[in-house]
Structure formats: structure tokens, C-alpha cells
Amino acid sequence: TNASQPKRADRSKVYMADLESTLHYSLRVEAARAATLSGAQLAAFKCYVATLVKYFPGRPYVQTYLQNLDSWLRNWTEPELPRSALKEAMKNNRDASHPAVLPTNVTWVGCQGSEPHFRGYPCGLWTIFHLLTIQAAQSGPDKELPLEVLSTMRCYVRHFFGCQECAQHFEAMAAESMDRVAGREEAVLWLWSHHNEVNARLAGGDTEDPNFPKLQWPPPDMCPQCHREERGLHAWDQPAVLTFLKAHFSPANIYLDYAE
Ligand code: FAD
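Parameters and conventions
Residues numbered from 1 in each chain as written. Predicted model: local features only at pLDDT ≥ 70, side-chain atom pairs only at ≥ 80, totals over all residues. Heavy atoms only, no water. Helix = DSSP H or I, 4+ residues; strand = E, 2+ residues; numbered from the N terminus. Buried < 20%, exposed > 50% of the residue type's maximum accessible area, 1.4 Å probe, protein only. Contact = heavy atoms within 4.5 Å. Disulfide = S-S within 2.5 Å.

This part is about the side chain of His130. Within the element layout of this structure, His130 appears in helix α5 (residues 121–139). Taking the relative accessible area as the measure of exposure, His130 reaches 8% and is therefore buried. Leave out the neighbours within four places in its chain, and His130 touches Leu191, Trp192, His195 and Phe249.

Next comes the structure, spelled out in C-alpha cells:
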């Protein structure tokens, strides 16, 4: 992968290359760092893969890959999972009658930074979890398992996310209010508003890519109807934001440009 290769990304689109790169990195690199997985960490990993199987709108052979990994994990009933066994189970299988493939290259498109240390994986991880909260909201009764995706994300971040400072910040936000989320649509808006809190905290800081300033998202030019003014102050129109998020993070808005 050539990180400096210029790619034309449209910020109103979601790119499959970003999503698959993120999954490859999170499953095969970040989650496979420990010599063995056990206890709460193993449970967090199983939960992450099960949630992906349920809600990740992947290409058929990626879906098969996730399904195979999920059934393999369900069959793993020993308390410890050695990294060597997990790595073996996470290999691609292109020859089967139902190929199971998660591309092993990392290509950032919508998440491409102006320098290699900007954007990339953390951008992809936010994108995946927004997508999963939206797919969950579109697929079942609103009041049923409202925290399914958010608690998966909370566990994943706590046990695996390589940026420890980020994980602590996120855990603090989760501990404060996540448990009060009572519906799947509320879960979508919880993640959106807390991501904006993070954007506000990081704006102007040294992790900000100068070419991608941290904004309160979606900005007015992406979604004019999301913004209102109340007595001279900015306010979000939350129903309009929800409608926007459902369209932005819908399978129809995922593009295959630059995907392997
Ligand atoms: P990101 O913030 O990564 O956003 C990715 C994409 O999501 C954007 O390009 C946009 O299309 C969309 N988006 C933006 N805002 C929203 C929103 N509110 N709702 C829905 N979609 C949106 N970095 C730190 O330096 N300190 C931290 O404490 C920290 N905590 C983090 C916690 C978590 C859980 C994660 C996943 C990342 C954290 N990061 C932290 C990294 C940081 O938030 C960014 O991911 C990183 O700086 C890359 O920024 P970005 O410009 O690519 O946009």
C-alpha cells in the first residue's frame, strides 16, 4: 500500500476500503497483540466478532469470513485462546466453495490523512461503530437490546484499542451516560454526540490533521437541515441528524473505490 498515493475521496461517502482496512487491523493486529486471550478480554473479542456478523454490511466473502470466525470462536470453549491458534483461524480461505476473505492490505481512502501519522485506523474505527449502531437501529425493535452495539464498542475499546489515553476518555464518557440509553435510535445519537464531544476536545490540538480540522459534524454544508438557531444560539435538529446519519451510514452509501 502506498500511503502517499493521492486518492480522491468524497467526504459525503463511506468507503469499503476504509472499513475492511479497519477490520483487518483490529482483528489481525490490534486484538491479536496479547500472547493469549482469556476472561473479559476473550469475551470482548467474541462479542465484537458476533456483533460484526450481525450488523456489518460487508461484501459476501467478508461476511463469510466473519461468520466462519464467529463459529470458530463459539466452538472455542477453553478458557485461554493462544494467539497462534487465533492467527491460524483468521487466515483467508480463497479456495473453499464459499471463499472467506478479509483483504490483508491497508488502504485508507475517506480516512487517508495528509501524513501517515494522521487519521487512518482511529477514523476507521469510529466509522465502523457508527455504521453498526445505524444498522442495528434499522434492523430490530427500537427498545430491544438498545446497548448491544455500544457495549460491544465499550468492551472493544477498553480491552484492545491501542491508544490508552483515548480508551480512558471513552470509558469515562461511557460510565457517565451510556447506561441511560433506552433505544437503538438513542444509541445512534449517543455515539454521534459523544464523537462530537471528542471532536471539540481535540480541535486545534497536535493530533489534528491540518487538512481535516475537527468539526462539529455534520457541518452545515453537508446537512443544512441538521442545524437550527434558538435565541441566537446554535442547536441541533436531532430528528434531522438521525435521518442524515441513517442515509450517510447506509449500505447504499458505501463505495468500492480502491477496495481490493
Ligand atoms: P474522526 O474523528 O476519526 O472521524 C472519522 C469520520 O467520522 C470523519 O471523517 C467524519 O466523516 C465522521 N464523523 C466525524 N464526527 C462524527 C460524528 N460526531 N458522528 C458521526 N460521524 C462523525 N484522539 C486523541 O488524540 N485523544 C483522544 O482522547 C481520542 N479518543 C478517541 C476515542 C475513540 C473511541 C476513538 C475511536 C478515537 C479517539 N481518538 C482520540 C482519535 C480521534 O478521535 C480521531 O479518530 C483521529 O484524530 C482521526 O481524526 P479524523 O479527522 O480522521 O476524524
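What follows concerns the state of the cysteines. The final tally for this structure, using the stated rule, is three disulfides. One disulfide bridge connects Cys111 with Cys123, the sulfur atoms lying 2.1 Å from each other. Residues Cys111 and Cys123 share a disulfide whose torsion about the S-S bond is about -70°; that sign makes it left-handed. In this pair, Cys111 is assigned in the loop between α4 (83–89) and α5 and Cys123 in helix α5, connecting sequence segments 12 residues apart. Across a sulfur-sulfur distance of 2.1 Å, Cys223 and Cys226 are joined as a disulfide pair. An S-S torsion of about 75° defines the bridge between Cys223 and Cys226 as right-handed.

What follows is about the environment of Tyr255. Position of Tyr255 relative to the elements: it lies in strand β6 (residues 254–255). Sequence separation of Tyr255 and Glu20 is 235 residues, and the distance between their C-alpha atoms is 12 Å. With near-sequence residues (within four places) excluded, Tyr255 lies in contact with Lys13, Val14, Tyr15 and Met16.

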